[in-house]
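Letter by letter, the chains look like this.
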Amino acid sequence: MEKTELNGHASPEPPPQARRGGGALGPPLLRFVRRNLLVLLTVSGVLGGVGLGMAVRPLGLSRAHVSYFAFPGELLLRMLKMIILPLVLCSLVSGAASLDTRSLGRLGGIAVGYFLVTTLIASGIGVTLAFIIRPGEGAGGLNSGALGLERVSSDKETADSFLDLARNLFPSNLVAAAFRSYATEYKMVAVGNVTNGTKIYQKVPVGSEIEGMNILGLVLFAMVFGVALRKLGPEGEELIRFFNAFNEATMVLVSWIMWYIPVGIMFLVGSKIVEMEDVVLLVTSLGKYIFASILGHVIHGGIVLPLIYFGFTRKNPFSFLSGLITPFTTAFATCSSSATLPSMIKCVEENNHVDKRISRFILPIGATVNMDGAAIFQCIAAVFIAQLNNYELDGGQIFTILVTATASSVGAAGIPAGGIITIAIILEAIGLPTHDLSLMLAVDWIVDRTTTVVNVEGDALGAGILHHINQRDQERAPERAESEEPLSEVKVEAVANARGAEETSPLVTHHPEGQEGAPEAVESVL
C-alpha cells in the first residue's frame, strides 16, 4: 500500500475516488466557498440591497416607513460604533506596550511620513483634476435654492479650527472624550459705546462641547499610556496582560458582528436608494463634480497607493488588497472609516498575516488621521465652489488649498459626511463664501462611499508596509531574533558547560550578580 507523509506520520493514501470527492471541482469549489463565505455574503448583501431598494422605491414610502425599513442597517452601525471605543483603546495600549520603544518611535515616524506624503499626493490629485475637468464651469446659475436644498452655514474661523484640533488632542476629561468633542462657538460681547450711544460688539470665541467621540484625544492617550506601561517593566505587565485579554475578547465580538454585516449592509444600501429624491437632476447638475471626485479616488486608490506599496515591499499590492474585500464593502456601505476599523483589523491579521502589534497600533491611528479620500474631494469641492462663483485662484491660494486640505483632513471625523464641514476651513482660508456647501452635502452620499474606501485602503497598505519594514529589520538583526525564540534549546544544550560558562549561560542570567550559590542552584535544577 502506498504511503503518504502527513505531519511527520505515514498514512495510507486514500483511493482516487475519495480524493476527488465524487467530482473534480467539488472539493476545491467547496473549500473556496468556505474560505470566502463572508466575502461572498457581504457582496451579495450589497447587490441584494440595490435590488431591494429598487423594488421598494416605487411604493412611495413615507419618511417614517423609510426609517423602519433602514432599522436593520441602523443596528449594524450601532454595533460597529459600540465596539470602536474598546477596540481603539485596548489595541493601541497593547500595541504600544508590546513594541520596543526604539521600534515604536521609528515605526511611528515612518507611519506619520507615509500618512503625510500620501495625503499631500491626494490633495495634489484633487486640485489637478479640478482644474482639468473644471466641474464648476458653466454652473454659475446653480444654487441650493434651485435644487431645493437647505443651506449649510459655518462661520468658524480657520485659526480656531486648528486650535480646536490641538485642544482635542489633549482632552480635559477622558470619560467625556468617549462621547463629546471640543468645539469653538462665538458670542457677541459689548465692549463699549460710541459718542451717539451705539454699542460696539465684538465676536469672542467661547469653548463648548458637541456630540461625537473625541477619537483623536483617545488615540493619543492610549499610545502614551501604552508606552508608560512599557517603561514600568514588571510592574506594568499585569495591566498589559489585562489590555491584551480585553483586546482579544473585543476581536471575538468583532468576529460575531461581522456575520451580521451582510444583512445590515443590504438594508443600508436599500434605504439609501429609497431615500433618493430627484437623483437625475442632481447628477446632471453636479455630474462633473461627482465624476472628478470618483476619478480622483480611482487614480489614488487604484494606481498611486498600490505603486507606493510595491515600491516598499516589491510585492503584488492587489493580492494584498484581495484579502480586504469585506472591510472595503463595509466602508462602501457605511461611509465610516471608524465603523470599518473592526473588520479591517480582523481581515488584515487573518487574511494578510500582518503582525498584530503592527496592525493594532497603526490601523486605529490611520482611521483617525489618514484621510486620503477626504483630501481629494475637499480640494475638488473648494476649486468647484471657486469656479461656481467665477473666482480665479492664484498660486498662493492653490498652495493654501493643498496645505489646508492636508491638515484639515486629519481632523475630519471618521463618520458619514464628516468631511463636509472641514471644507469650510479651506473656503475660509482662501476667502470664499460657505453658502454653497449644501451642494456638496446633496451629493455627499454618492462621493462619500468611494472616499471611505480610499481612506481605509490607505490605512491597510500602510500597515502592510510597516509589517514588511519590521520583518526586514528583524532579518537584518539575527542576534536579536536568536535571543527571543531558541532560548529553551540553548538552556538544554548549555547544561554540560554550566560551570565553565556561568556568566554567559542563559540559565545563570536569571540570578542577580554577586548572589552566592547561583551556580549550585543551576546544578541542582539540572
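Residues numbered from 1 in each chain as written. Predicted model: local features only at pLDDT ≥ 70, side-chain atom pairs only at ≥ 80, totals over all residues. Heavy atoms only, no water.

### Describing empty space enclosed by the protein
Okay, step 1: Applying the stated rule across the entire model yields five cavities of 30 Å³ or more.
Okay, step 2: The computed volume of the second largest cavity comes to approximately 40 Å³.
Okay, step 3: Contributing to the lining of the second largest cavity are Ser337, Thr340, Leu341, Met344, Leu363, Ala367, Val456 and Asp459.
Okay, step 4: Of all the secondary-structure elements, those providing two or more residues to the lining of the second largest cavity are helix H15 (337-350), helix H16 (356-369) and helix H20 (437-476).
Okay, step 5: With four residues, H15 is the single largest residue contributor to the lining of the second largest cavity.
Okay, step 6: Of the residues assigned to the lining of the second largest cavity, the class counts are five nonpolar, two polar and one charged. (1 Å grid on protein atoms, 1.4 Å probe; cavity = no way out; pocket = protein on both sides within 12 Å on 5 of 7 lines; lining within 4 Å. Points joined across faces, edges and corners; volume = space filled by probe spheres on them. Helix = DSSP H or I, 4+ residues; strand = E, 2+ residues; numbered from the N terminus. Nonpolar A, V, L, I, M, F, W, Y, C, P; charged D, E, K, R; others polar.)

### Section: the pattern of salt bridges
Okay, step 1: The final tally for this structure, using the stated rule, is nine salt bridges.
Okay, step 2: As a salt-bridge pair, Glu248 and Lys356 come within 3.6 Å of each other at their nearest N and O atoms. You can see Glu248 sitting in helix H10 (residues 237-258) and its partner Lys356 sitting in helix H16, a full 108 residues away along the chain.
Okay, step 3: For Arg357, the salt bridge is made with Asp355, and the minimal N-O distance between the two is 2.9 Å.
Okay, step 4: Overlapping salt bridges, with partners in common, bring together Glu248, Glu349, Lys356 and Arg360 in one network. (Salt bridge = Lys/Arg side-chain N within 4 Å of Asp/Glu carboxyl O.)

### Brief notes about the side chain of Thr118
Okay, step 1: Position of Thr118 relative to the elements: it lies in helix H6 (residues 101-133).
Okay, step 2: Here Asp372 takes part through its side chain, which lies 3.4 Å from a polar atom of the side chain of Thr118.
Okay, step 3: Beyond its immediate chain neighbours, meaning those up to four positions away, Thr118 contacts His300, Leu305, Ile308, Asn370 and Asp372. (Polar contact = N/O pair within 3.5 Å; in protein donor to acceptor, adjacent residues only side chain to side chain. Contact = heavy atoms within 4.5 Å.)

### Some remarks on the nonpolar core
Okay, step 1: Judged by nonpolar contacts, the single largest core of 107 residues is most densely connected at Tyr289, Leu324, Ile362 and Ile401.
Okay, step 2: Filtering out sequence-adjacent residues up to four positions away, Leu324 remains in contact with Met344, Cys347, Val348, Asn352 and Ala460. (Core = buried A, V, L, I, M, F, W, Y, C linked by side-chain atoms within 4.5 Å. Buried < 20%, exposed > 50% of the residue type's maximum accessible area, 1.4 Å probe, protein only.)

### Quick notes on unusual backbone geometry
Okay, step 1: Positioned with a positive phi, Arg134 is a non-glycine residue whose angle comes to about 50°.
Okay, step 2: As for its placement among the helices and strands, Arg134 is situated in the loop between H6 and helix H7 (158-169).
Okay, step 3: The class of Arg134 is partly exposed, set by a relative accessible area of 27%.

### Some points on the confidence of the model for the chain
Detailed reading of the predicted model is not advised wherever pLDDT is low.
Okay, step 1: Confidence in the prediction of the chain, expressed as mean pLDDT, is 78, and 77% of residues score 70 or more.
Okay, step 2: Taken element by element, the predicted model of the chain shows its lowest mean pLDDT in helix H22 (residues 487-493) (36) and its highest in helix H13 (residues 317-321) (93).
Okay, step 3: Here residues 1-22 is a poorly scored stretch, pLDDT under 50, and it has 18 contacts once near neighbours within four places are set aside; other chains count.
Okay, step 4: Low pLDDT, under 50, characterises residues 483-526; the predicted model gives this stretch 21 contacts beyond four residues in sequence or across chains. (pLDDT = per-residue confidence, 0-100.)

### Focus on helix H14 (residues 325-334)
Along an α-helix, a turn takes 3.6 residues, which lines up residues three or four apart on a common side.
Okay, step 1: Most of H14 sits inside the fold, with eight of its 10 residues counted as buried.
Okay, step 2: The set of residues buried in H14 consists of Thr326, Pro327, Phe328, Thr329, Thr330, Ala331, Ala333 and Thr334.
Okay, step 3: At the exit of H14 stands Cys335, carrying a positive phi of roughly 60°.

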